[in-house]
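Below are the chains, spelled out letter by letter.
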Amino acid sequence: MNGTVADLAKQLRTGLAEVLPQLGVLDVTQRRAKLAEALGLPGAQLTPSALLSRVGVPESDQAGDLWPKLLALLADAAGGAVPGWNLTVPDVLVVTANDVQVLHDTLPPEISFSVHLGTLQLADVLRVRDIELALIVPSDPAGASMELSVRGLRLSLPTDELLTLLAPGGLALEGDVQGRLDMQGVHFQGGGKNGLAVPLQIAPPGLRAPALYLAPAGGALRFTVSFGASLLGLADATIDGIGSELTPGGGATPVPPSGMGLSMAVGPARGSGFLERRGDEYRGALGLALGVVDVRAFGILRPREPSLLVALSAQFTPAVELGLAFTLNAVGGIVGIGHAIDRAGLAAAVQSGHLDQVLFPDDPARAAPQILDTLASVFPARRGSQVVGPTFRLGWGRPVSFVTADVGLVLELPSGVVALLGRLRIALPAPEAPILDLRASVEGVMDPGAGLVEMVADLAGSRLLTAGIEGGIALRIKTGSDAAFILSAGGFHPSFPVPAGFPVPRRLSIAIASAPALSIVFTGYFAVTPGTAQAGATLTAVIGTSDTGVSGQLGFDALLRWEPSFGVVLDLYGSFHLRFDGHSLCSVDLRVRVEGPTPCWHVAGRASVSLFFIDVSFPFDEHWACTGVVGAPPPPDIAPLLERELDNPRSWEPVLSEGAANLAALRSDGADTARLLHPLGRLRFSQRVVPLDITVTRFGPGRLPTPASFAVAVGFSDGSGAVQPVREQFARADFFDLTDDEKLTQPAFELLRSGSELTPPAAGPTAPRRTVEVRYETKWIGERGAKPQPRAFWPLAETHLIAALQHGAVATSAVHADRVRYVSPPAPTALKAPSFAVAHVDTLIEATELGRKPTFTEAALSFNAPSGRTELFHVVPPYELKAVVTP
């Protein structure tokens with residue numbers, strides 16, 4: 001089995017020439033064994049399987065991949081003896097299943113080995129009617145060749161609902177495979193050595209352009225079918241790549257279609273679409289015109305998980321008039337079963353500009369691959385989750401909508417997360433030829449469970465005349481242990497530490513001039529946090545090239561404060577450079593810091609001038625308009641505000657303990673407006689005026705005369721029950737003296753004590769009980785159209801009540817069925833609570849005597865430093881501590 005076709009031919013000719021003179025004196029059994037040994041058949045067995053394996057598969061690269069896999073499949077199906085097979089060497093030898101006839105004991109100069117087999121069932125879905133393999137051996141073995149003929153190869157596809165609609169009589173294609181292998185390589189009729197289109201002889205009626213393809217696939221052979229057909233007479237469908245994979249000894253494995261196309265024209269409806277396979281999922285798109293409505297749909301299907309995601313839109317032509325120049329241009333929706341919202345993917349889609357294509361794409365046919373990729377990244381598959389929500393496009397303007405807004409609201413279940421997808425375009429004076437073209441992509445997320453509201457907008461693709469406008473806006477509102485409020489348009493102050501996971505927007509910029517020899521660009525930003533307001537801008541101009549020309553820059557970064565009085569910290573910078581042939585001839589650089597107006601105006605900075613080989617620097621530091629005092633507002637009086645919160649009903653709230661089941665809704669009687677406490681509940685008092693049990697130095701913009709702490713004691717009159725502290729989020733800058741740098745780098749919000757939660761004592765045997773009569777109201781509906789006649793309330797006897805309870809809502813509830821009576825223990829948390837430690841400034845070794853605290857503020861106040869730092873100590877998270885190694 002080694003070598004080329006010529007080597008194989010030489011081996012077979014030599015073996016047959018040696019054994020022919022001996023065969024005449026042997027019986028049939030001995031002839032078969034001797035001939036099998038001389039031909040080198042596997043296992044010395046003269047069978048069709050051994051002949052196909054020996055004659056048909058030379059070990060040579062010239063055979064390619066398809067030839068040996070096809071012969072191996074045929075040899076495996078041949079198995080043992082197949083009735084009607086024969087091996088023929090014309091005028092020399094004839095071998096059948098039962099006999100070996102020697103016609104001549106010498107070989108002529110040219111011979112051929114021909115193996116012929118009848119019908120073979122290769123698998124349940126594939127059979128062959130006739131097989132012939134011929135090895136032609138001329139006098140010069142170098143000219144040897146092999147010819148293969150497989151007639152009546154019939155592939156039957158398993159029937160399912162879709163194929164039955166397309167081919168009601170079943171789908172089976174039959175064709176012939178003809179191939180030749182010689183010293184130049186292998187060639188099949190209809191293809192090459194690694195795949196072919198089988199010439200068809202039989203195909204079901206009603207199919208358009210049916211085709212049967214044969215190609216190697218790993219260790220198997222893949223038989224696939226492509227065809228077009230009518231779908232219920234309403235549409236034309238094209239299916240590609242459906243079939244089976246066959247492995248010798250391994251049976252058949254179904255191959256799902258790699259793609260499906262659809263086109264239809266029924267009455268006013270005209271449309272087309274496609275469905276393609278990508279990995280373990282199917283992706284597709286459909287466009288349909290229904291008179292004044294254009295419907296577009298994009299979908300992703302995963303059969304194994306299973307999951308389905310569909311984005312649908314319908315555009316109205318002309319738009320639907322809503323009045324006041326508003327129009328409804330399109331409606332749609334997003335539905336996903338087994339899909340969820342990915343916040344990072346949503347933000348990335350906005351900043352890349354790809355979100356525009358998801359809502360209402362302008363050219364869905366061209367953008368279909370990108371739309372499907374964006375849908376998969378924004379709404380990834382997740383077991384047990386669903387997304388659903390509407391989308392719509394509004395327009396405003398006459399005679400065309402020069403303002404359009406695309407909006408989508410998507411709800412994720414069961415988490416309750418809501419995502420906002422939006423796109424706004426303002427094109428003046430007309431969308432076809434705008435002078436001002438503003439395009440904003442918007443995404444937002446509201447997560448009630450995490451207490452998060454986040455929004456990101458991007459201006460990609462916006463222009464004013466020929467000047468490009470870029471930039472973005474981001475907003476985050478967060479409650480909980482990592483509470484924050486951040487609004488940024490274009491970014492942040494250079495010294496501001498950006499919170500982890502916050503999508504930093506791009507700088508707001510406009511290219512005022514953009515030419516090879518002239519560039520003028522304006523950039524800016526504005527941001528607001530609980531402790532700061534930040535703003536900055538830069539104007540950059542370049543005339544000439546990078547080697548020869550003039551460049552200049554002018555800009556500022558500003559921090560605004562409101563306490564103890566209004567003030568600003570302003571950093572100004574500017575520069576000018578003149579270059580020739582890569583060398584600097586002249587440059588001017590200016591850096592200035594301005595602070596004021598209280599207690600003084602303070603200006604400090606440095607100006608530098610460089611002219612050829614001369615460098616001059618001018619530092620300056622000036623104060624003026626010093627008042628010596630800070631114009632602080634009058635000291636605040638916090639006690640009355642705190643007392644008012646004690647009388648505020650909103651500060652008192654009845655709550656259930658964690659894991660408690662409500663079971664019943666409580667309702668007050670008549671005009672009684674008091675809030676009712678559940679028998680298993682707790683009473684919570686919480687206020688947000690000032691943190692309790694913490695020494696504060698200020699209240700908003702006003703400074704306290706002396707540092708003070710505030711406490712509120714609440715409890716039951718008899719002193720019974722348990723009292724637990726309650727915490728709320730407080731802005732640190734409202735209660736402690738912090739510098740601008742500390743406002744930028746330290747936590748903006750922290751959980752500090754705001755009140756107490758009271759747990760009533762367990763009810764004893766002598767506790768008072770209130771008995772309530774159970775009464776029912778009965779109404780008689782009577783005949784149809786008759787007026788219902790109310791009846792008087794009637795009591796239910798205790799015996800009847802006990803019998804009815806077995807079939808009531810409580811008895812049939814999941815709580816009762818699971819035998820979880822009233823309260824179940826809360827699930828243990830997997831996250832470790834945050835904490836802060838006090839460390840020595842020089843060594844970062846923990847001051848263990850001060851202990852660790854749950855908040856930055858409590859750790860800072862443990863060594864009387866609200867700012868969190870002194871010459872000896874500072875507050876750090878535990879992971880920054882230096883480990884102490886003991887011998």
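I will try to describe carefully the structure that is included in this document. Remember, it's a predicted structure, so these values are computed and weren't measured experimentally. (Residues numbered from 1 in each chain as written. Predicted model: local features only at pLDDT ≥ 70, side-chain atom pairs only at ≥ 80, totals over all residues. Heavy atoms only, no water.)

Here we look at the sheet that holds strand β45 (residues 722–731)
With antiparallel pairing, the four strands of this open sheet are ordered in space as β41-β42-β46-β45. Each end of this open sheet is capped by a strand with a single partner; those strands are β41 (652–656) and β45. Taken over all neighbouring pairs, the strand axes of this sheet differ in orientation by 35 degrees on average, direction set aside. The pairing of β41 with strand β42 (residues 681–686) spans five bridges and is classified as antiparallel. When the sheet's bridge partners are listed, E653 is paired in β42 with R684. (Pairing = 2+ DSSP bridges. Helix = DSSP H or I, 4+ residues; strand = E, 2+ residues; numbered from the N terminus. Axes fitted to C-alpha atoms, helices over the stretch in contact; angles between N-to-C directions.)

Observations concerning the pairing of strand β7 (residues 130–137)
Counted residue by residue, β7 has six buried out of eight residues, so it is predominantly covered. Inspection of the sheet shows strand β4 (residues 111–117) paired to β7 by seven bridges, in the antiparallel sense. Considered in β7, the bridge of S114 is made with A134. (Buried < 20%, exposed > 50% of the residue type's maximum accessible area, 1.4 Å probe, protein only.)

Things to note about the environment of G336
By secondary structure assignment, the location of G336 is in strand β23 (residues 326–339). Assessed through its relative accessible area of 1%, G336 is described here as buried. Spatially, the C-alpha atom of G336 lies 9.1 Å from that of E412, the residues being 76 residues apart in sequence. Once residues within four sequence positions are removed from consideration, G336 is found in contact with L308, L309, S385, Q386 and V387. (Contact = heavy atoms within 4.5 Å.)

Concerning helix α9 (residues 638–646)
Taken together, the buried positions of α9 are occupied by I638, L642 and E645. Along α9, the residues classed as buried sweep out an arc of 55 degrees about the axis, all on the same side. Among the exposed residues of α9, those pointing more than 90 degrees away from its buried face are E643 and R644. Where α9 is buried, its residues contact β41, β42, β43 (696–699) and β44 (702–708). (Arc of directions from axis to C-beta.)

Here we look at the packing of helix α1 (residues 5–23) against helix α2 (residues 28–39)
A pair of packed helices can be characterised by two numbers: the angle between their axes and the separation between those axes. At their nearest, the axes of α1 and α2 sit 8 Å apart, and the two run at 155 degrees to each other. Considering their axes alone, α1 and α2 lie roughly antiparallel with respect to each other. Where α1 crosses over α2, the two elements pack in a sense that is right-handed. Every residue of α2 that contacts α1 at L12, G15, L16, V19, Q22 and L23 is listed here: R31, K34, L35, A38 and L39. The class makeup of the residues in the contact of α1 with α2 is seven nonpolar, two polar and two charged. (Parallel < 35°, antiparallel > 145°, perpendicular 65-115°, else oblique. Left-handed = near helix turned anticlockwise from the far one by under 90°. Nonpolar A, V, L, I, M, F, W, Y, C, P; charged D, E, K, R; others polar.)

Just geometry here; none of it tells us what the structure is for.
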